[in-house]
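Letter by letter, the chains look like this.
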Amino acid sequence: MSNLKELLSYIAQNLVDNPDDVTVTEREEETETIYELRVNPSDMGKVIGRGGRIAKEIRSLMRSVAQRHGKRISVDIID
């Protein structure tokens, strides 16, 4: 389901100052797919947001898109 990976990458690239440093890796677990998002350390605050608000919204958006495709996913933001 690479279109979810592309969507996550697109969202992150548009939030950060260093879009070339955004990487998304996909890992299959038994019951779900885990997307690991990595950004430049100086952009971490832009992706997480105050109180984790932006990270929460990214996860929520990605989960609802995945649900439409009958998939279970989670998004990990790796520092």
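Before reading on, note that the structure itself is shown above.
What counts, and where the lines are drawn
- Residues numbered from 1 in each chain as written.
- Predicted model: local features only at pLDDT ≥ 70, side-chain atom pairs only at ≥ 80, totals over all residues.
- Heavy atoms only, no water.
- Helix = DSSP H or I, 4+ residues; strand = E, 2+ residues; numbered from the N terminus.
- Rg over C-alpha atoms; globule rule 2.2 N^0.38 Å.
- Contact = heavy atoms within 4.5 Å.
- Areas by Shrake-Rupley, 256 points an atom, 1.4 Å probe, with all protein chains shown as cover.
- Lys, Arg positive; Asp, Glu negative; His and termini not counted.
- Charge placed at Lys NZ, Arg CZ, Asp CG, Glu CD.
- Pairing = 2+ DSSP bridges.
- Axes fitted to C-alpha atoms, helices over the stretch in contact; angles between N-to-C directions.

Student: Is there a simple way to explain the overall build of the protein chain in this structure?
Tutor: A tally of regular secondary structure across the protein chain gives three helices and three strands. Written out in order from the N terminus, the α and β elements of the protein chain read α-β-β-α-α-β. For the protein chain, whose C-alpha radius of gyration is 12 Å, the value lies close to the compact-globule estimate of 12 Å for 79 residues. With the principal axes as the frame, the protein chain shows a C-alpha extent of 35 × 25 × 20 Å. Of the contacts made within the protein chain by residues no fewer than 6 positions apart, 53% connect residues no fewer than 24 positions apart. About 5200 Å² of surface is accessible on the protein chain, with carbon and sulfur atoms providing 45% of the total. Averaged over its 12 positive side-chain charges, the protein chain has a centre that lies 7 Å from the centre of its 14 negative ones.

Student: Any chance you could explain the sheet that holds strand S1 (residues 23-28) here in plain terms?
Tutor: Paired through backbone hydrogen bonds, the strands of a sheet run either parallel or antiparallel to each other. The three strands lie next to each other as S1-S2-S3, forming an open sheet whose pairing is mixed. The open sheet is flanked by S1 and strand S3 (73-78), the only strands paired with a single partner. On average, adjacent strands in this sheet sit at an angle of 25° to one another, irrespective of strand direction. Pairing of strand S2 (residues 33-38) with S3 involves six bridges; the strand directions are parallel. Residue pairing for S3: Ile34 is matched across the bridge by Ser74.

Coordinates in, geometry out; function isn't part of it.
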